[in-house]
Amino acid sequence: VQLQAYGGGLVQAGGSLRLSCLASGRTFSSIAMGWFRQAPGKEREFVSAITLSGVGTAYADSVKGRFTISRDNAKNTVYLQMNSLKPEDTAVYYCAADPQFGAVVGKGNRASYWGPGTLVTVSS
């Protein structure tokens, strides 16, 4: 599976961005998808994940109520809508994929596929 994330950029605090991750190389509906981020000098952390069908989702406490994950299986794409952005959301955001939903939540150490990140910078 090849993953490519898009949509990062510079935004002011309180603003919004939508990240997209396009997957190829495998039937998209057979893989769970997750978003992770890594800020400078910090460890990678879980942001959000979505099940194969899109019915189930999970969020880190730090983004609950502000971020929304969704997927379009017809377009092989997962989205992360980020609202009410804060400077502490500044990080490189990565999408990950795995046939098992449990592998794309938590630390993500068991996720089989990763894409290159996209930088999100939130200015205060």
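What comes next is a walk through the structure. (Residues numbered from 1 in each chain as written. Predicted model: local features only at pLDDT ≥ 70, side-chain atom pairs only at ≥ 80, totals over all residues. Heavy atoms only, no water.)

1. Comments concerning the sheet that holds strand β7 (residues 67-72)
Strand order in this open sheet of four strands is β1-β3-β8-β7, and the pairing throughout is antiparallel. Whereas interior strands pair on both sides, the edge strands pair on one side only; in this sheet they are β1 (2-6) and β7. Taking the axes of each pair of neighbouring strands and ignoring which way they run, one obtains an average angle of 15 degrees across the sheet. Across five bridges, the pairing between β1 and strand β3 (residues 17-24) is antiparallel. When the bridges of β3 are listed, Y6 appears paired with S20. (Pairing = 2+ DSSP bridges. Helix = DSSP H or I, 4+ residues; strand = E, 2+ residues; numbered from the N terminus. Axes fitted to C-alpha atoms, helices over the stretch in contact; angles between N-to-C directions.)

2. Notes on the side chain of R71
As for its placement among the helices and strands, R71 is situated in strand β7. Of note is the side chain of R71, whose polar atom sits 2.9 Å from the backbone oxygen of I31. Separated by 2.7 Å, the side chains of R71 and N73 make a polar contact. Residues in contact with R71, not counting those within four places in the same chain, are F28, S29, I31, A32, M33, I50, T51, L52, S53, G54, T77 and V78. (Polar contact = N/O pair within 3.5 Å; in protein donor to acceptor, adjacent residues only side chain to side chain. Contact = heavy atoms within 4.5 Å.)

3. Regarding the state of the cysteines
Structurally, a disulfide amounts to a covalent bond that connects the sulfur atoms of two cysteines. Applying the stated criterion across every chain, the model contains one disulfide. Here C21 pairs with C95 through a disulfide, and the sulfurs are 2.0 Å apart. Where C21 bonds to C95 through sulfur, the torsion about that S-S bond is close to 55 degrees, and the disulfide is right-handed. Taken as a pair, C21 in strand β3 and C95 in strand β9 (residues 91-98) lie far apart in primary sequence, 74 residues in all. Using a relative accessible area of 0% as the deciding quantity, one classes C95 as buried. (Disulfide = S-S within 2.5 Å. Buried < 20%, exposed > 50% of the residue type's maximum accessible area, 1.4 Å probe, protein only.)

4. Focus: the environment of N73
Relative to the helices and strands, N73 is located in the loop between β7 and β8 (77-82). With relative accessibility at 29%, the residue N73 sits in the partly exposed group. In this structure, the C-alpha to C-alpha distance between N73 and T27, residues 46 residues apart in sequence, is 8.9 Å. In this structure N73 touches F28, S29 and L52, once residues within four positions along its chain are discounted. There is a polar contact of 3.4 Å between the side chain of N73 and the backbone oxygen of L52.

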